[in-house]
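One letter stands for each residue in the lines below.
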Amino acid sequence: MLNSENSYIKRLSEDHRLEMAFCRHIEEGVLLNISLERIRDYIRYFWDAHLKDHFDEEEMVLLNLEDDFSKKAVADHQLIKVELEKIVSGKHIALHHFSELALLLRQHINFEERVLFPSLVLGLSTAQLDAIVSAKQDHTPSNFVDNYPDKFWIPAL
């Protein structure tokens, strides 16, 4: 994950670690042949409890910049949201949809960490990054802990 001096970018990178674990949990559930409903319930929980707010915050705070990388990140968010909605609503409830969601999210996180965030850090001064964050008084530090009670991704002994 990105090692930057900006504490806000660091916090978003910490969120990304949680989201990568979310992807692994989905993939493990698929590999373990867990019922699709159990995996879908977890996806709904994670979206409602964390990922929706993370996407909204990134879009408000960082991705309103008019560069191509920010535009791609917003487009990625839209694609992921559409796939999430299809899964949560029951329109897409097959193993390959779940695996595709995990892949899309993983690719998006890698793009943000390897391309978008470094370009922001290099293209904007620390003062500019801090100004973007302080201009959005409604952002709060992420204190999310994935305490979903059904740990289906842990194989039963």
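Summary of the structure given here. Remember, it's a predicted structure, so these values are computed and weren't measured experimentally.

**Considerations on the overall build of the protein**
Right, on to step 1. If you tally the helices and strands in the protein, you get 5 helices and 0 strands.
Right, on to step 2. Each helix and strand of the protein, ordered N terminal to C terminal, gives the series α-α-α-α-α.
Right, on to step 3. Each of the 157 residues in the protein was classed as buried or not, and the buried ones make up 46%.
Right, on to step 4. A total of about 8,200 Å² of accessible surface is found on the protein, and carbon and sulfur atoms cover 56% of it.

**Side note on the nonpolar core**
Most often, soluble globular proteins keep nonpolar side chains buried together rather than apart.
Right, on to step 1. Core analysis: the largest hydrophobic core is formed by 28 residues, its most contacted members being I26, I39, Y42, I43 and L105.
Right, on to step 2. Looking at this core, the elements with two or more residues in it are α1 (7–31), α2 (36–61), α3 (68–89) and α4 (95–123).
Right, on to step 3. The greatest single-element share of this core, amounting to 8 residues, is contributed by α2.
Right, on to step 4. Residues within four places of Y42 in sequence aside, it is in contact with F22, H25, D146, Y148, F152 and W153.
Right, on to step 5. Grouped together as the second largest cluster of nonpolar side chains are 10 residues, L12, V61, F111 and L120 included.

**Some details on α1**
Right, on to step 1. Relative to the 36 Å expected for 25 residues at 1.5 Å per residue, α1 spans 36 Å between its end C-alpha atoms, a close match to the ideal helical length.
Right, on to step 2. Following α1 by one or two positions, N33 adopts a phi angle in the positive range, close to 60 degrees.

**With respect to the environment of E59**
Right, on to step 1. Of note, E59 is situated in helix α2.
Right, on to step 2. Separated by 15 residues in sequence, E59 and V74 place their C-alpha atoms 6.8 Å apart.
Right, on to step 3. Reaching out from E59, the side chain makes a polar contact with the side chain of K81 at a distance of 3.4 Å.

**A short note on the packing of aromatic side chains**
Right, on to step 1. Counting across every chain of the model gives 13 aromatic pairs.
Right, on to step 2. Taking 4.9 Å as the distance between ring centres and 85 degrees as the angle between the ring planes, the aromatic pair formed by F152 and W153 counts as edge-to-face.
Right, on to step 3. Taken together, the ring pairs in this structure connect F22, Y42, Y45, F46, F144, Y148, F152 and W153 into an aromatic cluster.
Right, on to step 4. K72 extends its terminal NZ or CZ atom over the ring of F111, reaching a point 4.6 Å from the ring centre.

**Concerning the packing of α2 against α4**
Right, on to step 1. Closest axis-to-axis distance for the α2/α4 pair is 12 Å, and the angle between their directions is 25 degrees. Relative to α4, the element α2 is oriented roughly parallel. Between α2 and α4 lies a crossing whose hand is left-handed. Listed contacts from α4 to L36, I39, R40, I43, L51, F55 and E58 of α2 are L95, F98, L101, L105, H108, E112 and F117.

Calculation criteria
Residues numbered from 1 in each chain as written. Predicted model: local features only at pLDDT ≥ 70, side-chain atom pairs only at ≥ 80, totals over all residues. Heavy atoms only, no water. Helix = DSSP H or I, 4+ residues; strand = E, 2+ residues; numbered from the N terminus. Buried < 20%, exposed > 50% of the residue type's maximum accessible area, 1.4 Å probe, protein only. Areas by Shrake-Rupley, 256 points an atom, 1.4 Å probe, with all protein chains shown as cover. Core = buried A, V, L, I, M, F, W, Y, C linked by side-chain atoms within 4.5 Å. Contact = heavy atoms within 4.5 Å. Expected span 1.5 Å × (residues − 1). Polar contact = N/O pair within 3.5 Å; in protein donor to acceptor, adjacent residues only side chain to side chain. Phe/Tyr/Trp six-rings, centres within 6.5 Å; stacked < 30°, edge-to-face > 60°. Lys NZ or Arg CZ within 6 Å of the ring centre and 35° of its normal. Axes fitted to C-alpha atoms, helices over the stretch in contact; angles between N-to-C directions. Parallel < 35°, antiparallel > 145°, perpendicular 65-115°, else oblique. Left-handed = near helix turned anticlockwise from the far one by under 90°.

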